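Listed below are the residues making up each chain.
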Amino acid sequence: MIQSIVKEQDLDLIGIMKADGDTYYNNGARKNVKNRGYFKKVMQGQKIMSPPIESKVDGRTKVILAVPIYRNGKVTGALGASYNVGALNQMLFNDIYDGIGFSMIIDTSGKIISCDSGLSYRKIGINDNVYDFYTKSGEVAEKTMKSAKANIKKQKSGILVLKEKNAMSYLAYEPLHINNWMLCYLVPQSKAQEEFQFIGNKEVILFAVIGVGVITFFILIFQRTSMKQKKMREIASRDGLTQLYNKAGTEQRIKEWLHSDRSKAGAVLMMMDVDYFKQINDTYGHAVGDRVLYKVGHLLKSSFRENDIVGRIGGDEFLIFMEGITSEEFAVRRMENLQQYFRELPIEELEEHTLTCSMGAAFMPKDGTTFGELYKHADEALYTTKRNGRDGFRIYHEVEEKEV
């Protein structure tokens, strides 16, 4: 999943950091970063964009973007991505003045964090200090540079006029609001006059470039993780043999329905057992027993609506929850039909044996309003059916009335 994201983004490396600092990268590398400042901060719950560092994985200078991973409200690790800082200026500046000029990212001391240039104006490199370079070259007076230093320290924007022989250039600087960095860009006067396009909010462009990539990266991570978690939850809630909901999945979905506004429409909960299933296992073997359960599961799935909750909650015990059904006549017809389908269900291994089932039903709200009440009363109705010879059904409140 991480490798596929790397292919879609400009991010160089993506890594999963464990709480002990062990980090696993998309390129297969592994190292420990517990002593890195960005790791310590992200483990404290901070979202981090680090100062440039030299990667020991591939030797390139990068910034690290990192966010904490939470579990039960506690930080248990981090998700990090690196970006080649040398590409930042390239990406930003190519669309300004047709790529003619020179751009840099510097810190408040004048140290160059990253730089890139066009074809004809590269006069300064990654090892230079902006303040020293332009004052020593005589392109800017010390007094003027002192004023620019004060602005940069206060994170204020401004423009320096650079004079060299008969040529003149403009060096504009803007705060990035990240680590107190400043974006500087130098354009020759001739180009600036041709297209007078000094941009007032350079940080917006940089944030757009980096931000879109980072946001897209985390959205993809979130979406893919969410889909994977949803799929895993769905698999965990299913019975492996019948592919119906298992006991936990059935109960969870019924409880969710009962706590929703849809519960006002009423419902019926039906319990069902396969008659003499133990004898089938004992006589024909468990493989045939599993075949019977598989066939029963398929029958139940095809016999009820898509929004009905159908689950296998025990060995040969099944549950059907039909929302919006309050008509006892309708429920009786469904149970009668299901009994007939059972008798006609073809199981080659059972030879002359005919399958039958016993059922019990409880209605909401007449027989209960909680899952526990409905389950208990439908189960009591089921066992009344079994005590009376099986191959039939009972409704809980009818049983109660007869006993009274």
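See above for the structure.
About the thresholds
Residues numbered from 1 in each chain as written. Predicted model: local features only at pLDDT ≥ 70, side-chain atom pairs only at ≥ 80, totals over all residues. Heavy atoms only, no water. Phe/Tyr/Trp six-rings, centres within 6.5 Å; stacked < 30°, edge-to-face > 60°. Buried < 20%, exposed > 50% of the residue type's maximum accessible area, 1.4 Å probe, protein only. Lys NZ or Arg CZ within 6 Å of the ring centre and 35° of its normal. Pairing = 2+ DSSP bridges. Helix = DSSP H or I, 4+ residues; strand = E, 2+ residues; numbered from the N terminus. Axes fitted to C-alpha atoms, helices over the stretch in contact; angles between N-to-C directions. Expected span 1.5 Å × (residues − 1). Arc of directions from axis to C-beta. Polar contact = N/O pair within 3.5 Å; in protein donor to acceptor, adjacent residues only side chain to side chain. Salt bridge = Lys/Arg side-chain N within 4 Å of Asp/Glu carboxyl O. Contact = heavy atoms within 4.5 Å. Core = buried A, V, L, I, M, F, W, Y, C linked by side-chain atoms within 4.5 Å. Parallel < 35°, antiparallel > 145°, perpendicular 65-115°, else oblique. Nonpolar A, V, L, I, M, F, W, Y, C, P; charged D, E, K, R; others polar.

Under the definition given, this model contains 3 aromatic pairs. Ring plane angle 85 degrees and centroid distance 5.0 Å describe the contact between phenylalanine 133 and tyrosine 134, whose orientation is recorded as edge-to-face. Residue classification places phenylalanine 133 among the partly exposed positions, given a relative accessible area of 21%. Above the plane of the ring of tyrosine 245 lies arginine 238, whose end atom (NZ or CZ) is 4.0 Å from the centre. One Lys or Arg, arginine 390, reaches over the ring of tyrosine 276 and ends 4.6 Å from the middle of that ring.

With that settled, the discussion passes to the sheet that holds strand β17 (residues 393–395). The strand order across the open sheet formed by 5 strands is β14-β15-β13-β16-β17, and the pairing between neighbours is mixed. Looking along the sheet, the strands with just one partner apiece sit at the ends: β14 (309–312) and β17. Within this sheet the neighbouring strands show an average axis-to-axis angle of 15 degrees, counted without direction. The sheet contact formed by β14 and strand β15 (residues 317–323) spans 4 bridges and is antiparallel.

Of all 5 residues in strand β8 (residues 102–106), 5 are buried; the element is thus mostly enclosed. Going residue by residue along β8, you find Phe102, Met104 and Ile106 tucked away on one face and Ser103 and Ile105 tucked away on the opposite face as well. Note that β8 and strand β12 (residues 182–188) share 5 bridges and pair antiparallel. Following the sheet pairing, isoleucine 105 is matched in β12 by leucine 183.

Cis peptide bonds are those with omega within 30 degrees of zero, and the linkage from methionine 364 to proline 365 qualifies with 10 degrees. Checked against the element boundaries, proline 365 lands in the loop between β16 (357–364) and α12 (371–387). If you check the backbone angles, asparagine 72 has positive phi at about 55 degrees while not being a glycine. Note on placement: asparagine 72 falls in the loop between β6 (61–71) and β7 (74–84). Located in the positive-phi region is tyrosine 276, a residue other than glycine, with phi close to 55 degrees. Following the sequence through the fold, tyrosine 276 ends up in the loop between β13 (267–274) and α9 (277–284).

In a regular helix each residue adds 1.5 Å, so 12 residues correspond to 16 Å; helix α8 (residues 247–258) covers 17 Å between its end C-alpha atoms and thus fits that length. Taken residue by residue, α8 has Gly249, Thr250, Arg253, Ile254, Trp257 and Leu258 as its buried positions. Down the axis of α8, the sector holding all buried residues measures 165 degrees, keeping them to one side. At the N-terminal boundary of α8, the capping side chain belongs to asparagine 246, with an oxygen 3.3 Å from the backbone nitrogen of alanine 248.

Looking now at the pattern of salt bridges. Throughout the structure, instances matching the rule amount to 10 salt bridges. The residue glutamate 328 makes a salt bridge to lysine 366 at a minimum N-O spacing of 3.1 Å. Of the two residues, glutamate 328 sits in helix α11 (residues 328–344) while lysine 366 sits in the loop between β16 and α12, which places them 38 residues apart along the sequence. The residue aspartate 391 makes a salt bridge to arginine 343 at a minimum N-O spacing of 3.0 Å. Here arginine 343 lies in helix α11 and aspartate 391 lies in the loop between α12 and β17, a separation of 48 residues in the sequence.

What follows is about α11. In this model, α11 (17 residues) spans 25 Å end to end at C-alpha, consistent with the 24 Å of a helix rising 1.5 Å per residue. Where α11 is buried, its residues contact β13, α10 (286–303), β15, β16 and β17.

Inspection of the secondary structure puts threonine 23 in strand β2 (residues 22–25). Reaching out from threonine 23, the side chain makes a polar contact with the backbone oxygen of glycine 21 at a distance of 3.1 Å. If we ignore the near neighbours within four places in the chain, the residues touching threonine 23 are Gly15, Ile16, Met17, Ala29, Arg30, Lys31 and Val33.

Core analysis: the largest hydrophobic core is formed by 32 residues, its most contacted members being Met270, Met272, Val296, Leu300, Phe342 and Leu355. Elements with a contribution of two residues or more to this core: β13, α9, α10, β15, α11 and β16. Per-element tally for this core: the top contributor is α10, with 6 residues. Beyond its immediate sequence surroundings of up to four residues, phenylalanine 342 is in contact with Met272, Val274, Val296, Leu299, Leu355, Thr356 and Cys357. Core analysis: the next-biggest nonpolar cluster, separate from the first, contains 20 residues, Phe102, Ile124, Tyr131 and Leu186 among them.

Further remarks concern the side chain of glutamine 155. Topologically, glutamine 155 is positioned in the loop between α5 (142–153) and β10 (158–164). Of the residues examined, glutamine 155 reaches a relative accessible area of 19% and is grouped as buried. Here glutamine 155 is in contact with Thr108, Pro175, His177, Asn180, Trp181 and Met182, once residues within four sequence places are set aside.

Between two packed helices, what matters for the description is the angle formed by their axes and the separation of those axes. Orientation of α9 relative to α10, taken along the N-to-C sense of each, is 140 degrees, at an axis distance of 7 Å. Relative to α10, the element α9 is oriented oblique. Here α9 contributes Phe277, Ile280, Asn281 and Tyr284 to the contact with α10, which in turn contributes His286, Val288, Gly289, Val292 and Leu293. Tallied by class, residues from the contact of α9 with α10 come to 6 nonpolar, 3 polar and no charged.

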